[in-house]
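What follows is the residue order along each chain.
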Amino acid sequence: MKDFDLLCKEFEEMDGETYTALLAEKAATLVPALSLITQDGLGGLAVFSAFVFGAIAADGRLSEEEYTLISPLLHAFFGDAIDYEACKKEMRGLHAEAKELKKSVDDMADILGLLSDDLKNDLILVCLMICAIDGKVSFKEKQWIKQLIK
C-alpha cells in the first residue's frame, strides 16, 4: 500500500464520480471472493457489510450529511432496505458494547488473513474510502484502519 497518510489525502480529495466507480469495482470483486472463504453460512455480502458498517462506525458518529453521501453506495451494496435510521441503529449496535466491537475488529483481521494480499488491500481501501466519504479521515478512523492493516 502507498504511504497511509498520502492515501488518506487522495481519498479525501477524490471526486464523487471516480469514488463511486472505484467502490463499485472493488465491491464487484470482493463480494464473490469473500463468499469463497466464508464459513458457518456467512455469505460474502454479510462479511462485506461488516467491513462497510465497521468503517461507517469507526469514528463513532454518522451525520445525516454523511449518510446522504454514502446512501447511494449502501443502496447499491445492500438494496433499498437500508435507510438513515437503519444505518444509525446498526451503528448504535456496533458501539453498544466495546468488547463486541473489539472482537469484531479481531474477527475482521482474521478474515483479512485468509485473503490474498491484493484482496486484503482492496478491502482495506474500501474501508478507507468509506471513512473518507465526508472529505476527512478522522484520527479515530485512521486508528481503526490501522488495526485492520496489522
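This text follows the structure it describes.
Cut-offs and rules
Residues numbered from 1 in each chain as written. Predicted model: local features only at pLDDT ≥ 70, side-chain atom pairs only at ≥ 80, totals over all residues. Heavy atoms only, no water. Helix = DSSP H or I, 4+ residues; strand = E, 2+ residues; numbered from the N terminus. Buried < 20%, exposed > 50% of the residue type's maximum accessible area, 1.4 Å probe, protein only. Contact = heavy atoms within 4.5 Å. Axes fitted to C-alpha atoms, helices over the stretch in contact; angles between N-to-C directions. Parallel < 35°, antiparallel > 145°, perpendicular 65-115°, else oblique. Left-handed = near helix turned anticlockwise from the far one by under 90°. Salt bridge = Lys/Arg side-chain N within 4 Å of Asp/Glu carboxyl O. Core = buried A, V, L, I, M, F, W, Y, C linked by side-chain atoms within 4.5 Å. Expected span 1.5 Å × (residues − 1). Polar contact = N/O pair within 3.5 Å; in protein donor to acceptor, adjacent residues only side chain to side chain.

Attention shifts here to the overall build of the protein chain. For the protein chain, the helix and strand inventory stands at eight helices and zero strands. Reading the secondary structure of the protein chain in the N-to-C direction produces α-α-α-α-α-α-α-α. When the 150 residues of the protein chain are sorted by exposure, 41% land in the buried category. Expressed as a percentage of contacts within the protein chain between residues at least 6 apart in sequence, the contacts between residues at least 24 apart total 71%.

Here helix H2 (residues 16–37) crosses helix H7 (residues 117–131) at 135°, and the two axes come no closer than 10 Å. By the angle between their directions, the pair H2 and H7 is classed as oblique. Like other packed secondary-structure pairs, H2 and H7 cross with a definite hand, here left-handed. Judged by residue contacts, Tyr19, Leu22, Leu23, Lys26, Thr29, Leu30, Ala33 and Leu34 of H2 engage Leu119, Asp122, Leu123, Val126, Met129 and Ile130 from H7.

This part covers the environment of isoleucine 56. Locating isoleucine 56 in the fold gives a position in helix H3 (residues 44–57). Judged by relative accessible area, which is 3%, isoleucine 56 ranks as buried. Between the C-alpha atoms of isoleucine 56 and cysteine 131, which are 75 residues apart in sequence, the distance is 6.4 Å.

Take the environment of aspartate 59 next. As for its placement among the helices and strands, aspartate 59 is situated in the loop between H3 and helix H4 (64–78). The sequence separation of aspartate 59 and glutamine 143 amounts to 84 residues, and the corresponding C-alpha distance is 9.3 Å.

The next thing to look at is the pattern of salt bridges. Taken as a whole and judged by the stated rule, the model has three salt bridges. Across the salt bridge formed by lysine 9 and glutamate 13, the nearest N and O atoms sit 3.3 Å from each other.

Turning to the nonpolar core, a few remarks are in order. Counting 40 residues, the largest nonpolar core has Phe48, Phe51, Leu123, Leu128, Trp144, Ile145 and Leu148 as the members making the most contacts within it. If you list the elements that add at least two residues to this core, you get helix H1 (4–12), H2, H3, H4, helix H6 (98–113), H7 and helix H8 (139–149). Looking at this core element by element, the count peaks at nine residues for H7. If near-sequence neighbours (up to four positions away) are discounted, tryptophan 144 is found in contact with Phe51, Gly54, Ala55, Ala58, Val105, Met108 and Cys127.

End to end, H2 covers 31 Å across 22 residues, agreeing with the expected 32 Å (1.5 Å per residue, within 8%). If you check which residues of H2 are buried, you get Tyr19, Leu23, Lys26, Ala27, Leu30, Val31, Ala33 and Leu34. The opening residue of H2 is aspartate 15, an N-cap whose side-chain oxygen sits 3.2 Å from the backbone nitrogen of glutamate 17.

To continue, consider the packing of H1 against H7. A pair of packed helices is characterised by two quantities: the angle between their axes and the separation of those axes. H7 packs onto H1 with a crossing angle of 55° between their chain directions and a minimal axis gap of 9 Å. Put simply, H1 runs oblique to H7. When you trace H1 past H7, the crossing you get is right-handed. Residue-level contacts link Phe4, Leu7, Cys8 and Phe11 of H1 to Leu125, Leu128 and Met129 of H7.

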